[in-house]
Amino acid sequence: MTSLAVDETIARAIEVLKENDHGAYTIPTKGLYPFQWNWDSCLTALGLAHYDEARAWTEIETLFAHQWPDGMVPHIVFHVWSDGYFPGPEVWQTGRPTATSGITQPAVAGFAVRRLFDRAKDKKLASERARALLPKIDAWHRWFYESRDPKGVGLVAIIHPWESGRDNSIDWDDAFERVPTEGVEPYTRRDTLHADPAHRPTREQYDRYLWLVQHFRALGWDNARLHDASPFQIVDPGFNSILIRASSDLADLAEALGEKEIASANRARVEKGLAAMEQLWSEAHGQYLCLDRTTGKLVDSASVGGILPAFAAIPAARVASVATTVERLAGKARFVVPSHDPDDPRFDAKRYWRGPVWLVVNYMIADGLAAAGHGAVARRITQSSLDLITESGFAEYYDPHTGEPLGGGRFTWTAAMVIEFLK
Ligand code: 9YW
């Protein structure tokens, strides 16, 4: 891109962020997602910081203002009423002062806050705001290992596909067979009004998503009980490596701010987590796989969740294999990184997390690969991401073969990642 094109693209991305800005938080996109989503906000803050550092800190602070007393940070905060999205607060019934969902999302906050802090032009502002967020993020990390790793193996399980952020990934198909659908209350989906139903999860998947919500609701959203009571317990390598990276970043930040206890608690989580990640490695696939905790077996599904661990400090040999896998995928799809291996017969180029490319995932993988010395592969991912927005605009996700824009349009975190790629 010429420097003029770069400036124009950044200006267009900032327009998207401003359009979706509700003052103290940003919605993912108008229509489809009218509330605050957890990992969207944390990654969006990185884009916001390029033109308004104080506003970037506020984005994350607003999310953490709705942290639960047990430490969990919910995946959605329903700040204002809207009937545009299902399931809304009347389904979740979590009883929070401001309505929230009852499950969580990938723990990118620790990573985002450290990055905001390191890059801050206003160091005084950054120290104050980071210092206040530090114990809250630490409490969230503690919550993860206490509630979602009850046996202390060093890896946490998700208990609902929505927690992974990769809602309808092929990774969950087998485990989902064990989630019943009997007794699901009648409902009307809203997502299919805003996006093509062929590009969204199926009705059957929605039934199971809702069965789990109703099941957890009947247990009073008591996190001391939910993990063991869930028929769906998956150890997702992507989810865990984001938590490990965030723990490492939080430890660095805590050290910089003289918070020794937070630093050492998070270092210990990183060390144990990285050692345990080895159980998820698949030599045959050249990437990590999910572990189904209820059966004790690895899930034979080569999704981008097993490539995302490049974002954490995995061993050099592992990251080299993951880089080779990305190169192999680049030989099969015009745009990388597809959310599933196109060689798998279950791959679907247009259906949400079963094939399409997502720029947030690209950003994290490229960041990790570049840090580990795989600059050429990282640049390939960045170039694909920029080609996609040049051809197809700031979409929610893209067909890896054609580049067709899919899902919601004018998407906040896509725009934020573009600013990150270009700055
Ligand atoms: C839903 C907001 C969210 C993301 C998730 C993505 C999707 C919401 O949108 O989930 O209702 O399915 O899968 O990662 O946070 O952008």
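Residues numbered from 1 in each chain as written. Predicted model: local features only at pLDDT ≥ 70, side-chain atom pairs only at ≥ 80, totals over all residues. Heavy atoms only, no water.

Broken down by element type, the chain carries 17 helices and nine strands. In terms of overall dimensions, the chain is globule-like: its C-alpha atoms have a radius of gyration of 20 Å, near the 22 Å expected for 423 residues. Overall, the C-alpha framework of the chain stretches about 55 × 50 × 45 Å when taken along its three principal axes. Here the chain holds 423 residues, and 63% of them are scored as buried. Long-range pairs, those at least 24 residues apart, make up 71% of the contacts in the chain with a sequence separation of at least 6. A total of about 15,200 Å² of accessible surface is found on the chain, and carbon and sulfur atoms cover 52% of it. (Helix = DSSP H or I, 4+ residues; strand = E, 2+ residues; numbered from the N terminus. Rg over C-alpha atoms; globule rule 2.2 N^0.38 Å. Buried < 20%, exposed > 50% of the residue type's maximum accessible area, 1.4 Å probe, protein only. Contact = heavy atoms within 4.5 Å. Areas by Shrake-Rupley, 256 points an atom, 1.4 Å probe, with all protein chains shown as cover.)

This brings us to the sheet that holds strand 3 (residues 234-235). Strand-to-strand pairing in sheets goes through backbone hydrogen bonds, with the strands running parallel or antiparallel. Spatially, the three strands line up as an open sheet ordered 3-6-7, and their pairing is antiparallel. The open sheet has two edge strands with one neighbour each: strand 3 and strand 7 (297-298). For strand 6 (residues 291-292) and strand 7, the ladder comprises two bridges, and the chain directions are antiparallel. The partner of D292 across the bridge, within strand 7, is K297. (Pairing = 2+ DSSP bridges.)

Moving on, we get to the packing of aromatic side chains. Scanning all chains against the criterion turns up 31 aromatic pairs. The interplanar angle of 65 degrees and the centroid separation of 6.1 Å between the aromatic rings of W162 and Y206 together place this pair among those described as edge-to-face. Separated by 44 residues along the polypeptide, W162 in helix 7 (residues 161-164) and Y206 in helix 10 (residues 203-218) bring together distant segments of the chain. When its relative accessible area of 2% is taken as the criterion, Y206 is described as buried. Through a chain of ring-to-ring contacts, the aromatic side chains of W92, W162, W172, F176, Y206, Y209, F216, W221 and F232 assemble into a single cluster. The residue whose ring lies beneath R203 is Y187, and the NZ or CZ to ring-centre distance is 4.3 Å. (Phe/Tyr/Trp six-rings, centres within 6.5 Å; stacked < 30°, edge-to-face > 60°. Lys NZ or Arg CZ within 6 Å of the ring centre and 35° of its normal.)

Take the side chain of H199 next. Tracing the chain through its elements places H199 in the loop between helix 9 (191-194) and helix 10. The exposure class assigned to H199 is buried, which follows from its relative accessible area of 10%. Dropping the residues within four chain positions of it, H199 is found in contact with K350, R351, Y352, Y397, E404 and L406.

Time to look at the pattern of salt bridges. According to the stated counting rule, one finds 39 salt bridges in the structure shown. Here R55 makes a salt bridge to E59, at a shortest N to O gap of 2.9 Å. On the criterion of helical spacing, the pair formed by R55 and E59 is a turn pair, its members being four residues apart in helix 3 (residues 53-64). Through salt bridges with shared partners, a single network forms among R114, R115, D118, R245, D249, D252, E255, R267 and D367. (Salt bridge = Lys/Arg side-chain N within 4 Å of Asp/Glu carboxyl O.)

Further remarks concern the packing of helix 3 against helix 6 (residues 123-148). Closest axis-to-axis distance for the helix 3/helix 6 pair is 11 Å, and the angle between their directions is 25 degrees. Classified by the angle their axes make, helix 3 and helix 6 are roughly parallel. At the point where helix 3 passes helix 6, the crossing takes the left-handed sense. Contacts between helix 3 and helix 6 pair E53, A54, W57, T58, I60, E61 and F64 from the former with L125, A126, R129, A130, L133, K136, I137 and W140 from the latter. Across the contact of helix 3 with helix 6, the residue classes break down as ten nonpolar, one polar and four charged. (Axes fitted to C-alpha atoms, helices over the stretch in contact; angles between N-to-C directions. Parallel < 35°, antiparallel > 145°, perpendicular 65-115°, else oblique. Left-handed = near helix turned anticlockwise from the far one by under 90°. Nonpolar A, V, L, I, M, F, W, Y, C, P; charged D, E, K, R; others polar.)

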